[in-house]
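Residue-level structure breakdown
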Amino acid sequence: MKKTLLFLLLAVSSSPAAFAQARAGGATSSKDYTSSGTDSRNTGFGIKGGYSLSNFYGNGKDLIPGRDNLNTYHAGVYGQFGLNNFSSVQVELLYSRKGVRYDNGNNKTDLRLNYLSLPILYVGNITDNISFHLGPQLSLLTKVLNDGKDEDLKANGYNSLDLGAVAGLEARIGPARVGARYDLGLSRILKDDVKYTGTTGDKSSLHNQTFQVYVGIGLTQ
């Protein structure tokens, strides 16, 4: 997972030269995101989505048999509100799948947690085309599928809210964007003293961690 993260962040950060060449041909940069009639050119809204690589961290993670990364996805909408030509605030509403793969005794299966996530991010322009994103995220757990079967959230002791932190890089030219970010869950997945059915050991200190790569299309205001 760390090698994948390093590769993708390098890919994003190596984009300025290509973007600068495109801009010379008349394309716009991140600072030209909206029309010149707005107070800030870092304002707009759009859609985004992409690939997620999810797993758990915390005490007890190694007690999950055959624990492995879960390959899944996320998608949603965003609104960006410019403060000036360098700074803006971006608010997103995402449907995000998280979880882990594990061995159920017969084969590999998935424990999948579906969230509605609300990141509120500070965006700073490093260059005309590259920006960093940093901020908190509040997620609401809407559904859990364990080995293909629905699990009752309350009966199985799941925490319905997950407070997290998000950090990443994004490259943008005109309305198109591509980015990579790390989503770290700070709240426990399970309430105190709750254990997964069919496993042994304390699982109450598990947290989500997810690496995301996405593409998006923005619309000017």
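Right above here is the structure, for reference.
What you see is a predicted model, and the numbers here were worked out from it, not measured in a lab.

Take the overall build of the protein next. Each helix and strand counted, the protein has two helices and nine strands in total. Going from N to C terminus, the protein has its helices and strands arranged as α-α-β-β-β-β-β-β-β-β-β. Taking all 221 residues of the protein together, 47% fall into the buried category. When contacts within the protein are restricted to residue pairs at least 6 apart in sequence, those whose partners lie at least 24 apart make up 65%. Counting every atom, the protein has about 10,500 Å² of accessible surface; 60% of that belongs to carbon and sulfur.

All right, on to the side chain of lysine 48 then. On the secondary structure map, lysine 48 appears in strand β1 (residues 44-57). A polar side-chain atom of lysine 48 sits 3.3 Å from a polar atom in the side chain of glutamate 92.

As a further point, take the pairing of strand β2 (residues 70-82). One ladder, built from eleven bridges, connects β1 with β2; its direction is antiparallel. In the strand pairing of β2, glycine 50 is matched with histidine 74. Examined bridge by bridge, β2 and strand β3 (residues 87-103) share nine bridges and lie antiparallel to one another. Bridge assignment links glutamine 80 to a residue of β3, and that residue is glutamine 90.

On to unusual backbone geometry, then. Positive phi values are uncommon outside glycine, yet aspartate 147 reaches one of about 55°. Structurally, aspartate 147 is set in the loop between β5 (130-146) and β6 (149-150).

Moving on: the packing of aromatic side chains. If you walk through the whole model with that rule in mind, you get two aromatic pairs. Here the aromatic rings of tyrosine 73 and tyrosine 95 are separated by 6.1 Å at their centres, their planes lie at 50°, and the arrangement is tilted. Residue tyrosine 73 is located in strand β2, and its partner tyrosine 95 is located in strand β3; the two are separated by 22 residues in the primary sequence. Pairing tyrosine 122 with phenylalanine 132 gives two aromatic rings, centres 5.9 Å apart and planes at 50°, and the pair type is tilted. Of this pair, tyrosine 122 sits in strand β4 (residues 108-125) while phenylalanine 132 sits in strand β5; the two residues are ten residues apart in sequence, bridging distant segments of the chain. Between lysine 48 and the ring centre of tyrosine 214, over which it is positioned, the NZ or CZ distance is 3.5 Å. Just above the ring of tyrosine 115 sits the side chain of lysine 98; from NZ or CZ to the centre is 5.2 Å.

Here is what the cut-offs are and how they apply
- Residues numbered from 1 in each chain as written.
- Predicted model: local features only at pLDDT ≥ 70, side-chain atom pairs only at ≥ 80, totals over all residues.
- Heavy atoms only, no water.
- Helix = DSSP H or I, 4+ residues; strand = E, 2+ residues; numbered from the N terminus.
- Buried < 20%, exposed > 50% of the residue type's maximum accessible area, 1.4 Å probe, protein only.
- Contact = heavy atoms within 4.5 Å.
- Areas by Shrake-Rupley, 256 points an atom, 1.4 Å probe, with all protein chains shown as cover.
- Polar contact = N/O pair within 3.5 Å; in protein donor to acceptor, adjacent residues only side chain to side chain.
- Pairing = 2+ DSSP bridges.
- Phe/Tyr/Trp six-rings, centres within 6.5 Å; stacked < 30°, edge-to-face > 60°.
- Lys NZ or Arg CZ within 6 Å of the ring centre and 35° of its normal.

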